[in-house]
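Structure at a glance
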Amino acid sequence: MQKISIDPITRLEGHGKIDIFLDEEGNVANAYLLIPELRGFEKFAEGRPVEEMARITPRICGVCPEAHHVASAKAADAVYHVEVPPAGKKLRELLYSAFYVADHTVHFYILAAPDFVLGPDAPPAERNILGLIHKVGVDVGKTVIESRGKAMDIVGLLGGKTIHPVGALPGGVSKAIDEEERARIEAWGHDLVDFGLFSLQLFHDVVLGNQAYLDLILSDAYTTPMYYMGMVDENNRVNFYDGRVRVVDPQGNEFVKYSPEEYLDVVAEHVEPWTYLKFPYLKGVGWKGFVTGMDSGVYQATPLSRLNAADGMDTSRAQEAYEEFYSTLGGKPVHGTLAIHWARLIELLYAAERLVELAADPEITDPYVRNVPTATPTEGVGIVEAPRGTLTHHFITDERGIVQKCNLIVGTTNNYAPISISIKKAAEAFIREGQVLTEGMLNRVEMAFRAYDPCFGCATHTLPGQMPLVVQVRDADGRVVQVLRQNMR
Amino acid sequence: MNTLVLGLGNPILTDDGVGIHVVRAVAARCLPGSGLAFAEASVGGLRLLDLLAGYGRVILVDAIQTRGGRPGDVYRLSLDQLPASLHSSSTHDLSLPAALALGRRLGMDLPADEDVILLAVEVGDVLSFGETCTPAVTKAIPLAVEAALTELRT
């Protein structure tokens, strides 16, 4: 068996490593994504007051601290059996909506757009945000930075700090807002809705207007039908902050809908000896290996899966975009991995519209934003939708609220098996017997991975085209017959 | 000229927090004065740009892992010497040099490349959760503090 490795320069850098195994004919037999995971968070959490976790878990990942902050806050609410007052809930969701706008903006413009605007075969040196600005103009870049800036200012105002929010406490939040702050947030919110519409228009013009890209999105190389997971409200509309978690099967029918405290009845984790990270799967279907379909418990948790798992979006412009999405791509559910990018922009628009709705709600300036807990703490689960997938925080405490045990399933963990499968599928399509490997081929495999916006707890970080890659092709006797390097000396 | 001394790293990931420990120690050695600011951050790229805007000079202190490096070594690096690394490059963000280039392109008030200095401490363990550094790295903290103070005096 021949092996191709997409391997970083040194394992000390903690990157994920992709191994592609070829068979004797030189076609792809298997692909694996190996993760050196951050070790020992569950141990580190033991002995800490559960209300501290909302200030500690954001530091697991400097990219989506808001998601961990809010998940831990909700888990602490559950541990203390305390209900958050309406204004407190709305303020948390307002912060969360602003965070979503910022986060999805960064992913789309920095990471995804370059592939589509400049093309997957463009040289790596151009295939980045600077190349994007060169092509579409400085004004687009300014709009992106300013919009993201406004969203982050809202997060900072509500959360106390832009970088690691501190505002959520068990039972609510620590700060109410006054009318001046509310009006400012609402005004910015309208700008962000415009920005969401602008982004979708850009996607239409550049991606959907180009048949080659549309074909790429619908291509078999990037299509993997599987189960889809996402949080929904009581009307089965997408909600990032609260609700129940719904899973639909590859045909789009509801498979299960669960409340946070039921998650262990639904999701289990499979272990492989060659990687630290475990593979979540649906207990009700079972682990059948690295395959997808009705009979495999592998599920996806991404913007695409959230749209697939829901019956619609709760705001009007996002709902229009949702309907157009499905009618363009042939109905529900959509299985194309690259469609995740489009779904991400629909979510960006929804987050901005939701932000305006919440900011315009008269109750948002109510000073009653927290119920101080009085019950004895025991155990609780908090779930939110992180941009990268369903995020679950579970704490068991003693009677003083000191953490005894902790379990986290972070966004990307849900997608570990799907990512491996998507990489393999893309590799099979683009790496064939007798072909000389090109950077463009490697990039197409990387695109499968990148669409999930993966975040392995800070372990795997690279830009499109700047990922240090070495691909070694070995023949059946293990001899290196071809080497491809990218950004490595 | 306004100077920012910025400690980067994750303070709950053992050696990864060294930059933050160093900057706290430097701040304790400096009198509050005009034009000198201290900050700490556990982010990179675009989020970092938010912090750098408005300063004429920036001294960053961070952890680094290099091929063949010994934990506890301290380096002084300029921007063009920055290798692609664990935390300066991200799947969700920009590398520092790219972020600065972007910011300048869009008219942000950012320090020139030659006014951004990185003091980097070679580290061992950045994958285990912990609030203190390993012994070799802990020993390097005073050296990095002196290096930072030397920069500030020039």
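Positions within a chain are numbered from 1, following the residues in the order the chain's sequence is written. In the order they appear in the text, chains get letters beginning with A and ligands get numbers beginning with 1. Two thresholds apply to this predicted model, a pLDDT of at least 70 for residue-level local features and 80 or more for giving and counting side-chain atom pairs, whereas whole-chain, interface and lining totals are computed over all residues.

**A closer look at the confidence of the model for chain A**
Looking at chain A, pLDDT values average 85 and 86% of them are 70 or higher. The predictor reports its confidence for every residue as pLDDT, a score running from 0 up to 100. This entry defines residue contacts through backbone-placed C-beta atoms, with two residues in contact when those atoms are within 7 Å. Note that residues 456–470 of chain A has pLDDT below 50 and, in this model, 68 contacts with residues that lie over four places away or in other chains.

**Side note on the packing of helix α11 (residues 316–328) of chain A against helix α12 (residues 339–360) of chain A**
Residue and element names in this part refer to chain A. Note on method: axes are straight lines fitted to C-alpha atoms, helices fitted across the in-contact stretch only, with angles between N-to-C directions ranging 0 to 180 degrees. Strands are runs of DSSP state E lasting at least 2 residues, helices are runs of H or I lasting at least 4, and numbering of each runs from the N terminus. Two elements in contact, α11 and α12, have axes whose closest approach is 8 Å; the angle formed by their N-to-C orientations is 165°. Taken together, the axis directions place α11 and α12 in an arrangement best described as roughly antiparallel. Here α11 and α12 pass one another in a crossing that is left-handed. Contact residues: Arg317, Ala318, Ala321, Tyr322 and Phe325 in α11; Trp342, Ala343, Ile346, Leu349, Tyr350 and Glu353 in α12. Side-chain classes are defined by residue name, with Ala, Val, Leu, Ile, Met, Phe, Trp, Tyr, Cys and Pro counting as nonpolar, Asp, Glu, Lys and Arg as charged, and the others, Gly among them, as polar. Here the contact of α11 with α12 is built from residues that sort into 9 nonpolar, no polar and 2 charged. Roughly parallel means an angle under 35 degrees; roughly antiparallel, over 145; roughly perpendicular, 65 to 115; everything else is oblique. In this scheme, a crossing is called left-handed if the near helix is turned counterclockwise away from the far one by less than a right angle; it is called right-handed if the turn is clockwise.

**Some thoughts on the pairing of strand β7 (residues 244–248) of chain A**
Residues and elements named next belong to chain A. Exposure in this text rests on C-beta crowding, where 20 or more other C-beta atoms within 10 Å of a residue's own make it buried, 12 or fewer make it exposed, and counts in between make it partly exposed. The C-beta atoms are placed from the backbone. Burial runs high along β7: 4 of the 5 residues are buried. With 5 bridges connecting them, strand β6 (residues 227–232) and β7 associate as antiparallel partners. Counted as the bridge partner of Val232 is Arg244 from β7. Between any two strands, pairing holds if DSSP finds at least two bridges. Across 4 bridges, the pairing between β7 and strand β8 (residues 254–258) is antiparallel.

**So, helix α14 (residues 416–430) of chain A**
In this analysis, the expected span of each helix is defined as 1.5 Å times one less than the number of residues it contains. Over its 15 residues, α14(A) extends 21 Å from the first C-alpha to the last, a length consistent with the 21 Å expected when each residue adds 1.5 Å. With 13 of 15 residues buried, α14(A) is to be regarded as a mostly interior element.

**As for the pairing of strand β13 (residues 389–397) of chain A**
Two faces belong to every sheet, and in a regular strand the side chains alternate between them. Residues and elements named next belong to chain A. For β13, the tally of buried residues reaches 8 of 9 residues, placing the bulk of the element in the interior. Hairpin connection between strand β12 (residues 379–386) and β13: a loop of 2 residues separates the two successive antiparallel strands. Pairing geometry for β13 and strand β14 (residues 403–409), over 6 bridges, is antiparallel. Across the sheet, Thr397 pairs through a bridge with Val403, a residue of β14.

**Focus on the sheet that holds β6(A)**
Residue and element names in this part refer to chain A. Taken in spatial order, the 4 strands line up as β8-β7-β6-β11 in an open sheet, and their pairing is mixed. The open sheet terminates on both sides in strands that have one partner only, identified here as β8 and β11 (299–300). Sheet topology note: the β6/β11 ladder contains 2 bridges and is parallel. Bridging from a neighbouring strand, Tyr227 pairs with Tyr299 of β11.

**Quick notes on the sheet that holds β14(A)**
Residue and element names in this part refer to chain A. Spatially, β12-β13-β14 is the arrangement adopted by the 3 strands of the open sheet, whose pairing is antiparallel. Unpaired on one side and paired on the other, β12 and β14 mark the two borders of the sheet. Strand-to-strand twist across the sheet, computed as the mean angle between neighbouring axes with direction ignored, equals 15°. The pairing of β12 with β13 spans 8 bridges and is antiparallel.

**Things to note about unusual backbone geometry**
Omega for the bond connecting A:Lys332 with A:Pro333 falls within 30 degrees of zero, at -15°, which places this linkage in the cis form. Along the chain, A:Pro333 falls in the loop between α11 and α12. Phi at B:Thr14 is positive, roughly 50°, even though this residue is not glycine. Within the secondary structure layout, B:Thr14 lies in the loop between β1 (3–8) and α1 (18–29). For B:Thr14, a count of 24 C-beta atoms within 10 Å translates into the label buried.

**Observations regarding α11(A)**
For an α-helix, the turn length of 3.6 residues means that residues three or four places apart are oriented alike. All names here are of chain A. Its 13 residues give α11 an end-to-end C-alpha distance of 18 Å, which sits within 8% of 18 Å, the value for a rise of 1.5 Å per residue. Turning to α11, its buried residues number three or more, namely Ala318, Ala321, Tyr322 and Phe325. Along the long axis of α11, the arc covered by the buried residues comes to 105°, so they all point the same way. Exposed residues lying more than 90 degrees from the buried face of α11 are Ser316, Glu323 and Ser327. One or two steps after α11, the chain reaches Gly330, where phi turns positive at roughly 95°. What the arc describes is the spread of directions from the helix axis to the C-beta atoms.

**What about the packing of α14(A) against helix α15 (residues 439–450) of chain A?**
Residue and element names in this part refer to chain A. Taken N-terminus to C-terminus, the directions of α14 and α15 make an angle of 155°; their axes are 8 Å apart at the nearest point. Comparing the axis directions of α14 and α15 gives the class roughly antiparallel. The way α14 lies across α15 gives a crossing that is right-handed. Of the residues in α15, those in contact with Ile419, Ser422, Ile423, Lys425, Ala426, Ala427 and Phe430 of α14 are Met441, Arg444, Val445, Ala448 and Phe449. Taken together, the residues that form the contact of α14 with α15 break down as 9 nonpolar, 1 polar and 2 charged.

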